[in-house]
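The chain contents come next:
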Amino acid sequence: ETGVTQTPRHLVMGMTNKKSLKCEQHLGHNAMYWYKQSAKKPLELMFVYNFKEQTENNSVPSRFSPECPNSSHLFLHLHTLQPEDSALYLCASSHGGVAGSYNEQFFGPGTRLTVL
Amino acid sequence: AQSVTQLGSHVSVSEGALVLLRCNYSSSVPPYLFWYVQYPNQGLQLLLKYTSAATLVKGINGFEAEFKKSETSFHLTKPSAHMSDAAEYFCAVSAENNNDMRFGAGTRLTVKP
């Protein structure tokens, strides 16, 4: 397995469900990101982890809870979501904050989430 | 603070015609600039990047972009469009030692036969 992988690729959940999105990177990077991509809206950065420490939380509602157990894995735990949370959730990784790094981000294929 | 503006949310060209997607940036420090492409139901794939070396950058699939500091621009071009180029294109900016990458709103490219 190479690059950035995300599972599941598609998820349908009710507003009372609890589910988790998983992201794994095989690139040796130390920074990982969650983005939300909604139709007709710019890419929204949700969370950033650098060396497993959360360095950014862009005012994301508490019904989204990230977890980064190590530099290769990133989770997004979901609970009591709203229909407006339906979107494509993208994970990315990069070298992140390393001297001389270009911060080029590598993206996974995304999880298409539908909240009913 | 850094930001990018992509002019035109939708661009339509005929197959074989020139592709020009516009991106202007704002940055208080020397920027790193990127173009990404996204095909339907997929993640973003890097097309090319500017990292303060050559101002004319060549990428994959025949695309290239030119960094023009005087115009704060990083427009993406391809001499001859192919049907397979139909996708969404994102310009992005970041800086050295910085995790913060800012994306433009995207430009959807349509290629007509």
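Look up a bit, the structure's there.
Residues numbered from 1 in each chain as written. Chains lettered and ligands numbered in written order. Predicted model: local features only at pLDDT ≥ 70, side-chain atom pairs only at ≥ 80, totals over all residues. Heavy atoms only, no water.

Considerations on empty space enclosed by the protein
Right, so step 1: This structure, assessed with the given rule, holds one cavity of 30 Å³ or more.
Right, so step 2: Computed from the structure, the largest cavity encloses a volume of approximately 30 Å³.
Right, so step 3: For the largest cavity, the full set of lining residues is Arg9(A), His10(A), Leu88(A), Pro109(A), Gly110(A), Arg112(A) and Asn41(B).
Right, so step 4: Here the residues of the lining of the largest cavity sort into two nonpolar, three polar and two charged. (1 Å grid on protein atoms, 1.4 Å probe; cavity = no way out; pocket = protein on both sides within 12 Å on 5 of 7 lines; lining within 4 Å. Points joined across faces, edges and corners; volume = space filled by probe spheres on them. Nonpolar A, V, L, I, M, F, W, Y, C, P; charged D, E, K, R; others polar.)

Some points on the packing of aromatic side chains
Right, so step 1: Applying the stated criterion across every chain yields a total of twelve aromatic pairs over all chains.
Right, so step 2: Ring geometry for Tyr33(A) versus Tyr35(A): centroids 6.3 Å apart, planes at 25 degrees, classification stacked. Just as Tyr33(A) is buried, Tyr35(A) falls in that class too.
Right, so step 3: Between Phe107(A) and Phe103(B) the ring centres are 5.9 Å apart and the planes differ by 80 degrees, which places this aromatic pair in the edge-to-face class. A residue pair is termed interchain when its members come from two chains, as with Phe107(A) in strand E10 (residues 106-107) and Phe103(B) in strand E10 (residues 102-103).
Right, so step 4: Judged by its relative accessible area of 10%, Phe107(A) falls in the buried class.
Right, so step 5: Members of the aromatic cluster, connected to one another through ring pairs, are Tyr33(A), Tyr35(A), Phe107(A), Phe34(B), Tyr36(B) and Phe103(B). (Phe/Tyr/Trp six-rings, centres within 6.5 Å; stacked < 30°, edge-to-face > 60°. Buried < 20%, exposed > 50% of the residue type's maximum accessible area, 1.4 Å probe, protein only. Helix = DSSP H or I, 4+ residues; strand = E, 2+ residues; numbered from the N terminus.)

Focus: the sheet that holds strand E6 (residues 56-58) of chain B
Residues and elements named next belong to chain B.
Right, so step 1: Taken together, the five strands give an open sheet; going across it, the order is E1-E3-E8-E7-E6, and neighbouring strands pair in antiparallel fashion. Each edge of the open sheet is held by one strand with a lone partner, namely strand E1 (3-7) and E6. Strand-to-strand twist across the sheet, computed as the mean angle between neighbouring axes with direction ignored, equals 20 degrees.
Right, so step 2: Pairing geometry for E6 and strand E7 (residues 64-68), over three bridges, is antiparallel. Bridging from a neighbouring strand, Lys-58 pairs with Glu-64 of E7. (Pairing = 2+ DSSP bridges. Axes fitted to C-alpha atoms, helices over the stretch in contact; angles between N-to-C directions.)

Things to note about the state of the cysteines
Right, so step 1: Per the stated rule, a full pass over the model turns up two disulfides over all chains.
Right, so step 2: Each sulfur in the disulfide pair Cys23(A) and Cys91(A) lies 1.9 Å from the other. With the S-S dihedral at roughly -75 degrees, the linkage between Cys23(A) and Cys91(A) falls on the left-handed side. Residue Cys23(A) is found in strand E3 (residues 18-25), and its partner Cys91(A) is found in strand E9 (residues 87-94); the two are separated by 68 residues along the sequence.
Right, so step 3: Classification of Cys23(A) as buried rests on a relative accessible area of 0%.
Right, so step 4: The side chain of Cys23(B) participates in a disulfide bridge whose partner is Cys91(B); the two sulfur atoms lie 2.0 Å from each other. Here the disulfide of Cys23(B) and Cys91(B) is left-handed, its torsion about the S-S bond being about -65 degrees. Separated by 68 residues along the polypeptide, Cys23(B) in strand E3 (residues 19-26) and Cys91(B) in strand E9 (residues 87-94) bring together distant segments of the chain. (Disulfide = S-S within 2.5 Å.)

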